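Coordinate inspection notes
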Amino acid sequence: MRISRITVFQIDLPLTKPYWLSGGRLKFEKIDSTFVRVDTDEGVSGWGEGCPWGHTYLPAHGHGLRAALKILAPALLGRDPRALDDINRAMDLQLPGHLYAKSPLDIACWDICGKASGNPLWRMLGAEKPAAVAVNSSISTGTPDEMIALIREASAMGYRTHSAKVGGSDFSADIERIEAISAALPKGEQVTFDVNRAWTPGVALQVLNAVSARDWVEQPCETLDQCALVAGKVPQPIMLDECLHTFQDHLDAWKRTVCQGVKVKPNRVGGLTKARQIRDFGVSVGWQMHIEDTGGSAFADTAALHLAASTPDANRLAAWLCHAHLAVDPVPGQGARNVGGLVQFGDAPGIGVTPDPSILGAPVATYGDAG
Ligand code: MG
């Protein structure tokens, strides 16, 4: 089996309402998503989606992704898409770094492997049965009352875990938010306070040593060094997200005992092949992980949640569904959907989701056989 053609689509995904991160310094109203369809000479096709969460969240953006595809896609033509490690080595040789641009191609090759062998991805990623994956809400930064109202809305939709976005330079506002949310949290529900790298280490120490909450705190500062300075001097468990890209980053975080858990996001780390390596490492060292993608439609959510559904219960925390924030659904009704707080998987081969071509529109680029 050989890759004969790669077709690229771009779609803007508007949010149903504006969303603020990092203490309100980052605002999001729509995100730019790229879909790829990888065709083979045997008639099997696979899909992938790459969607950085806007252009302010990570060193990644939609235009950059599509520019990188101009280099990466031709290098994959004529290769066997089932040889996933070779596919990834070919991309790394052709273009070092730029992990987020490699992710949709890698994911499309996983889709082909699954379809060609009749297996859903959760099985290829190691599970005998798929776990029911608990979903977590994502609570935009606001006043304590606004954030508590959003948590109550999410609770009514079945969410039992919440990611409350805090952060900023006014540390007293964050102490107030954290204490108010902790006190108001419905019984049996959990919250992670996600700082999205907004604090300096000094502010992190002030806030985290002042509050009585002992919940997870995520990405308190910008860099691994800064987070390392905070870890061990605060009583809360630390989760890392934005500062981890390569496997080496994860290894460094573990060696330096910076965190007890990580977010594993295929688009941030370069696709499912690399995300699986990190997931398996995390299981080996006893990390607790949120496994989800950086952004995108229910397609991206589903691809990432196959990895979550194949991860042992003890190492799997909840997963976020980006598509729950979107006003457009390019894979109408398909894939990972929240039903009473859980996502359940069936037996459909591959990712099990096919984008609707009428929603994606005309391709923006085609590489290889013009068909
Ligand atoms: Mg985060």
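Criteria and thresholds
- All residue numbers refer to position in the chain's written sequence, counted from 1.
- Residue-level local features of this predicted model are given only where pLDDT is at least 70; pairs of side-chain atoms are given and counted only at 80 or more, and the full residue set underlies all totals for whole chains, interfaces and linings.
- Based on all heavy atoms of the structure, the side-chain values leave hydrogens and waters out of the count.
- Strands are runs of DSSP state E lasting at least two residues, helices are runs of H or I lasting at least four, and both sets are numbered from the N terminus onward.
- Contacts between residues were defined by any pair of non-hydrogen atoms, one from each residue, lying within 4.5 Å.
- Cavity means a closed set of points on a 1 Å grid over the protein atoms alone, one where a 1.4 Å probe fits but cannot get out, pocket means an open set with protein on both sides within 12 Å along at least 5 of 7 lines, and lining means a residue has an atom within 4 Å of a point.
- Grid points are joined across faces, edges and corners, and a volume is the space filled by probe spheres set on the points.
- Just so you know the grouping, Ala, Val, Leu, Ile, Met, Phe, Trp, Tyr, Cys and Pro go in nonpolar, Asp, Glu, Lys and Arg go in charged, and all remaining residues, Gly too, go in polar.
- Domain borders in the structure are assigned automatically or taken from a domain database.
- Only protein chains enter the accessibility calculation, which uses a 1.4 Å probe; a residue is then buried when its area is under 20% of its type maximum, exposed when over 50%, and partly exposed in between.
- Take the buried residues of types Ala, Val, Leu, Ile, Met, Phe, Trp, Tyr and Cys, join any two whose side-chain atoms come within 4.5 Å, and each joined set is a nonpolar core.

Moving on, we come to the environment of serine 22. You can see serine 22 is positioned in the loop between strand E1 (3-21) and strand E2 (26-40). Counting along the chain gives 144 residues from serine 22 to valine 166, while the straight-line C-alpha distance between them is 5.9 Å. Among all residues touching serine 22, those that are not within four sequence positions of it are Thr141, Val166, Gly167, Val195, Asn196 and Ala198.

So, on to the layout of surface pockets. With a probe scaled to a water molecule rolled over the atoms, the places where space remains empty come into view. Reported here for the largest pocket is a volume of approximately 390 Å³. In this structure, the largest pocket is lined by 20 residues; those nearest its centre are Lys17, Ser138, Leu150, Ala324 and His325. Where the lining of the largest pocket is concerned, the elements lending two or more residues are E1, strand E4 (133-139) and helix H5 (144-156). Partitioned by chemical class, the residues of the lining of the largest pocket number twelve nonpolar, six polar and two charged. Looking at which domains feed residues into the lining of the largest pocket, each of domain 1 (3-118 + 358-368) and domain 2 (123-343) gives three or more. Approximately 250 Å³ is the volume found for the second largest pocket.

Let's shift gears to the side chain of threonine 302. Take threonine 302: it is sitting in helix H12 (residues 298-309). Threonine 302 gets classed as buried once you look at its relative accessible area, which sits at 1%. Apart from the residues lying within four places of it in its own chain, the contact partners of threonine 302 are Gly335, Ala336, Phe345, Ile351 and Val353.

Looking now at the nonpolar core. By size, the foremost hydrophobic cluster in this structure holds 118 residues, and its most contacted members are Trp53, Leu105, Trp199, Leu240 and Leu305. When residues are assigned to domains, this core turns out to be shared by domain 1 (3-118 + 358-368) and domain 2 (123-343), each giving three or more. The residues contacting leucine 305, other than those within four sequence positions of it, are Val133, Ile291, Glu292, Ala319, Trp320, Leu321, Ala336, Val343 and Phe345.

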